[in-house]
Amino acid sequence: MRKQKNIPLMLSLLIITIYPLLAYFIFIPLLGFYNDDWLFGYLGHFYGPQELIKGFAGDRPIVGNLFAINHILLGSNLFIWHIYMFLMRLLGGYILFFLLKKLWPNRLTSVTYITLLFLIYPGFLQQNVPLGYQNYITALTVWIASMFFTVLAIKSHSKIKFILFTLLALILQVFSFLLLEFFIGMEVLRLSLIVYGTLPTFAGINFVKLKKKIRYLSPYIISLSLFVLWRVFIFKSIRPATSIDWITQTYYSDPVWIAKIPLKILYSFISTVILSYFTPIIVRLTRIPLESSIISLSVGTISGALLYFYYKIMKRFQGDQSLNDSASNKDWGKNLLLIGLISIFAALIPVIISGRFVSELFDNNNFDRYSISSIIGVGFIFTGFLLYKTSSTVRNWIMILLVSLSITTHLMNGYWHTILSENQSNSHSIITFSS
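Being a predicted model, the structure only gives us computed values, none of them experimental.

Asker: Break down the packing of helix 17 (residues 375-389) against helix 18 (residues 392-425) for me, with residues and values.
Answerer: As a packed pair, helix 17 and helix 18 sit with axes 10 Å apart at the nearest point and diverge in direction by 155 degrees. When the axes of helix 17 and helix 18 are compared, the pair comes out roughly antiparallel. The element helix 17 and its partner helix 18 pack so that their crossing is right-handed. Contacts between helix 17 and helix 18 pair Phe382, Thr383, Leu386 and Leu387 from the former with Arg395, Ile398, Met399 and Leu402 from the latter. In terms of residue class, the contact of helix 17 with helix 18 is built from six nonpolar, one polar and one charged.

Structure follows, in structure tokens:
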């Protein structure tokens, strides 16, 4: 009986493992270094880890240390670097899965869907640039781990455990900020989950009870405030893109920037949530051979269909509230949708006010990288909306479509990067890191 009870959990873990393997792992042996990979690989190999630390000292100092440590551990081995990125992304998915399951133990299917949409999100396609974007994936995983300890803290009944887990969460929180300062916007997601994790619903919140729960919120608000004060008034970045002084002067000399903020937020939101599932496929269709596109689409379609069997098997087991169309399930979906919307807009604000934005249209500029802090929110939006507005059958087919599009996008992206790698290998100007 116990083994049968564990079948849904094991099946969900299998699902969130298989799909990232399909999306990212297949092409790893054929991938190379790209874009900024060459710069950081060159610096690390010929000038040593110390040069990597110096290179980031005036911008994001902790990133230089991360790059240096990883260079010492991984060296210039292409395969190992790509494996590192894959495992770091997968680890983030596992942690997200278990923290959501801790919050909602009776909604395993929905938790699995949120995790799956997070892991194979098609709007962030820099996974194949391991040196240049190692801090992006690492920061995301570290922040999720911080959130996991937050959930453990609010669910613990021991004061010692609460203090210990909160301290660990705060340390990881600040570490993620130091890796990518615009991650401060993700804290709205943390605060939303804290409120949701300690109160059954957003409707009719008892503010007396909420006041009692303020001890859960205050450490993170204080930590966030201290980081912002340090980043704005103490630390001085020498790179314009991360310099508060440069941003302030730009706003002062060009007030139109301020007027553009709402439009950029809206455009970034549309790019992150909607365009990400369609535009990257269209862009890559023009860059890879027709047969590669057909294979990608075929594998994507088949992989999406596998989700149908997962859904059917899960329906055989009792106790998963996500699988019915009850009013309480729809209310819960509405709350997930609200959390997703709030968290994405909050995640985008620090990006936009610093003069950057998310775009799936200008692929050569890699503007999709700024979607990194919104990926979890996308999973909440789609899962919440489908629970709130569709029947269980329609919900399953739409999820199959989203997964199929995601896998197809990543396979096309993988094909494209193998072509780039092959072109580099055939070029006389290729840089090799040989002693």
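Asker: Which residues make up the environment of Phe56, and what are the values?
Answerer: On the secondary structure map, Phe56 appears in the loop between helix 3 (49-55) and helix 4 (61-74). Put simply, Phe56 and Ser298 are 242 residues apart on the chain and 43 Å apart in space, counted from C-alpha to C-alpha. In this structure Phe56 touches Phe40, Pro61, Val63, Gly64 and Phe67, once residues within four positions along its chain are discounted.

Asker: I'd like a rundown of empty space enclosed by the protein, residues and numbers included.
Answerer: A full pass over the atoms with the stated rule returns eight cavities of 30 Å³ or more. In this structure, the largest cavity encloses a volume near 60 Å³. Lining the largest cavity are Asp59, Arg60, Pro61, Ile62, Phe177, Leu178, Glu181, Phe227, Trp230, Arg231 and Phe235. For the lining of the largest cavity, the secondary-structure elements that each account for two or more residues are helix 4, helix 8 (159-179) and helix 11 (214-234). Here the lining of the largest cavity takes three residues from helix 11, the largest share from any one element. Classifying every residue of the lining of the largest cavity by side-chain character gives seven nonpolar, no polar and four charged.

Asker: For a nonpolar patch on the surface, give the residues involved together with the corresponding values.
Answerer: A cluster of nonpolar side chains, contributed by Ile222, Leu226, Leu229, Phe233 and Ile234, occupies part of the molecular surface with about 560 Å² of accessible area. Turning to its location among the elements, Ile234 is positioned in helix 11. Assessed through its relative accessible area of 59%, Ile234 is described here as exposed.

Asker: Could you give me a rundown of the pattern of salt bridges, with the residues and numbers involved?
Answerer: Scanning the entire structure with this criterion turns up four salt bridges. In this structure, the salt-bridge partner of Arg60 is Glu181, at a minimum N-O distance of 2.8 Å. Here Arg60, found in the loop between helix 3 and helix 4, pairs with Glu181, found in the loop between helix 8 and helix 9 (187-198); they are 121 residues apart in sequence, far enough to count as distant. In this pair, the class of Arg60 matches that of Glu181, namely buried. Here Glu187 makes a salt bridge to Arg190, at a shortest N to O gap of 2.7 Å. In this pair, Glu187 and Arg190 are both assigned in helix 9, three residues apart and thus about one turn of the helix distant. Taken together, the salt bridges that share partners define one network made up of Arg60, Glu181 and Arg356.

Basis of the calculations
Residue numbers run consecutively from 1 along every chain, following the written order of its sequence. Whole-chain, interface and lining totals are the exception, using all residues; otherwise, since this is a predicted model, local features are given only for residues with pLDDT of at least 70 and side-chain atom pairs are given and counted only at 80 or more. Side-chain calculation: all heavy atoms of the structure are included, whereas hydrogens and water are not. To obtain each axis, a line is fitted to C-alpha atoms, and for helices this fit is confined to the stretch in contact; angles are then taken between N-to-C directions over 0 to 180 degrees. Numbering of helices and strands starts at the N terminus; helices are DSSP runs of H or I of at least 4 residues and strands are runs of E of at least 2. In these notes the angle categories are as follows: under 35 degrees is roughly parallel, over 145 is roughly antiparallel, 65 to 115 is roughly perpendicular, and the rest is oblique. Definitions for this section: a left-handed crossing has its near helix turned counterclockwise from the far helix by less than a right angle. A right-handed crossing has that turn clockwise. A contact between two residues is defined here by any heavy atoms of the two lying within 4.5 Å. Gly is put with the polar residues, along with every residue not named as nonpolar or charged; the nonpolar set is Ala, Val, Leu, Ile, Met, Phe, Trp, Tyr, Cys and Pro, and the charged set is Asp, Glu, Lys and Arg. Here the term cavity refers to a set of points on a 1 Å grid, laid over the protein atoms alone, in which a 1.4 Å probe fits but cannot get out; the term pocket refers to an open set having protein on both sides within 12 Å along at least five of seven lines, with lining residues being those that place an atom within 4 Å of a point. Grid points are joined across faces, edges and corners, and a volume is the space filled by probe spheres set on the points. Candidate patch residues must exceed 30% relative accessible area and have no salt bridge, after which like charges are joined if within 9 Å and Val, Leu, Ile, Met, Phe, Trp or Tyr side chains if within 5 Å. Only the protein chains shown count as cover for residues, and all accessible areas are computed by the Shrake-Rupley method using a 1.4 Å probe. Any carboxyl oxygen of Asp or Glu that lies within 4 Å of a side-chain nitrogen of Lys or Arg is treated as forming a salt bridge with it. Each residue gets one of three labels from its accessible area relative to the maximum for its type: buried under 20%, exposed over 50%, partly exposed in between, using a 1.4 Å probe on protein chains only.

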